[in-house]
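Structural features, examined
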Amino acid sequence: MLTTLAVKTASGGLFSKLKTGASKLISSAAKMSLQAKYETLAVTVPHEFVYHVELNRPEKLNAMSKTMWFEIGKCFETLDSDENCRVVVLSGAGKVFTAGLDLKDAMDMAPELAEQEDVARKAKIVVAKLRGYQKSLTAIELCKKPVVAAVHSACIGGGVDLIAATDMRYCSKDAWFQVKEVDIGMAADVGTLQRLPKIIGSDSWAREVCYTARKVQAPEALSSGLVSRVFEDKESLIKGAIDIAQDIAKKSPVAVQGTKVSLVYARDHSVQDGLNQIAVWNQLMLQSEDFTNAVVAQATKQKDVVFSKL
Ligand SMILES: CCC/C=C/C=C/C(=O)SCCNC(=O)CCNC(=O)[C@H](O)C(C)(C)COP(=O)(O)OP(=O)(O)OC[C@H]1O[C@@H](n2cnc3c(N)ncnc32)[C@H](O)[C@@H]1OP(=O)(O)O
């Protein structure tokens, strides 16, 4: 039975190669249109199934403007359903990863609030904005494709909220991180306080960096678990992140996407709830051709199985 299935997989492989050639053409077409689609993000496709999203306001140190917040949400919602995308690398163009919330934009809210006299009406305006910003970053977590943050130089305030919603975090030696919100008189409200303590093993350390807004340099980011790899410089960081992304992109998208959904669910639920979730998920997904093809490939020592798009 294994032999029959292996032959089936091998002929599927040839068909998939033809499909791969076609998808490369589609990918280069997609590359152009994706770049044109956003004002504050640059989206490229460095390898088949690997997307690279760059925060792209280098002249303002990638400060997160209203447009950028909106576009981050839109981008990751789109990537979630894009069958050509299996993994995303997220980095910053130019000198730094991001200088955080665009402070000019933040001040623009004052005149709008001044139009209202009553606190409840003012609060309604603020909460709508907050919910919108939260939704944008949660789109990264809801995107079933793993997202690898590649941080160089500064990652401040909203930047920490952003990377806390990603799956894996790498940085270069010159990187530093700052939960800066208390310095601008606010409690962080778009994910750092909720996600950071779950990323970091030490609750005490997480609280310290949130209360003090002190800078965390790359070696401490590594030892605390905020990042899992440190690269020599930005160039090797991006290459390293894309290499890992390519490895992930070769795996079954059914398996990888199911793994992300289950890890995110398990983080926020009891072990028993998590076991129930994956049992329900896999009662369907173990019937996928990916499972059969991958099992056969392992059993017959076949390399480079090609999986259909998802
Ligand atoms: C509902 C909201 C939820 C989100 C909350 C998030 C909160 C936060 O993110 S709190 C943190 C806010 N960010 C900051 O406080 C950082 C401010 N920037 C800096 O301290 C410095 O720019 C930095 C140390 C990062 C770099 O200094 P450097 O001398 O190298 O560059 P600059 O000359 O200062 O900046 C170059 C141009 O970029 C503009 N810019 C930098 N940061 C921001 C910013 N956060 N918002 C808007 N614009 C920023 C800066 O004005 C310069 O532009 P230009 O004057 O036109 O040349």
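Everything below is about the structure shown above.
About the cut-offs
Residues numbered from 1 in each chain as written. Predicted model: local features only at pLDDT ≥ 70, side-chain atom pairs only at ≥ 80, totals over all residues. Near = placed C-beta within 6 Å. Helix = DSSP H or I, 4+ residues; strand = E, 2+ residues; numbered from the N terminus. Nonpolar A, V, L, I, M, F, W, Y, C, P; charged D, E, K, R; others polar. Buried ≥ 20, exposed ≤ 12 C-beta atoms within 10 Å, placed from the backbone. Arc of directions from axis to C-beta. Pairing = 2+ DSSP bridges. Axes fitted to C-alpha atoms, helices over the stretch in contact; angles between N-to-C directions. Core = buried A, V, L, I, M, F, W, Y, C linked by C-beta atoms within 7 Å. Contact = placed C-beta atoms within 7 Å.

Bringing the site of the ligand into the picture now. Taken together, 21 residues surround the ligand, and among them Ala-63, Ala-99, Gly-100, Leu-101 and Gly-157 come closest. Those elements that place two or more of their residues in the shell around the ligand are helix H3 (103-107), helix H5 (119-142) and strand E5 (154-156). Of the residues contributing to the shell around the ligand, the split by class is eleven nonpolar, three polar and seven charged.

In this structure, Ser-153 takes a positive phi of about 50° despite not being glycine. Checked against the element boundaries, Ser-153 lands in the loop between strand E4 (147-151) and E5. Taking the C-beta count within 10 Å as the criterion, Ser-153 has 20 such neighbours and is therefore assigned buried. In this structure, Lys-301 is a non-glycine residue whose phi angle is positive, near 55°. Its place among the elements puts Lys-301 in the segment after helix H13 (289-299).

Because an α-helix completes one turn every 3.6 residues, residues spaced three or four positions apart along the sequence face the same direction. Listed in full, the buried residues belonging to H13 are Asp-290, Asn-293, Val-296 and Ala-297. Seen end-on, H13 carries its buried residues on one side only, within an arc spanning 140°. Away from its buried face by more than 90 degrees, H13 exposes Val-295, Gln-298 and Ala-299. Downstream of H13 by a residue or two, Lys-301 has a phi angle that is positive, lying close to 55°.

What follows concerns the sheet that holds strand E6 (residues 168-172). Taken together, the six strands give an open sheet; going across it, the order is E1-E2-E3-E4-E6-E9, and neighbouring strands pair in mixed fashion. The strands lining the two open edges of the sheet, one partner per strand, are strand E1 (41-47) and strand E9 (229-231). Recorded for the sheet is a direction-independent mean angle of 25° between the axes of neighbouring strands. In the sheet, E6 pairs with E9 via three bridges, with the strands oriented parallel. By the bridge assignment for E9, Ser-172 is matched with Phe-231.

Okay, the nonpolar core next. Val-50, Val-88, Val-89, Val-148, Ala-150, Cys-155 and Ala-241 are the most contacted members of the largest nonpolar core, which totals 65 residues. Residues in contact with Val-89, not counting those within four places in the same chain, are Val-50, His-52, Val-148, Ala-150, Ala-241, Ile-242 and Ala-245.

Attention shifts here to the environment of Asn-276. Topologically, Asn-276 is positioned in helix H12 (residues 271-285). Here Asn-276 falls in the partly exposed class, since 13 other C-beta atoms lie within 10 Å of it. Sequence separation between Asn-276 and Phe-291 is 15 residues, and the spatial gap between their C-alpha atoms is 20 Å.

Here the focus is the pairing of E1. In this sheet, strand E2 (residues 50-55) lies alongside E1 in antiparallel orientation, the contact comprising five bridges. Paired with Ala-42 across the two strands is Glu-54, which belongs to E2. Taking the residues that link successive antiparallel strands as the turn, the E1-E2 hairpin has two residues, and the phi of Phe-49 there is positive, at about 75°.

Limitation: the analysis is restricted to geometry and does not speak to function.
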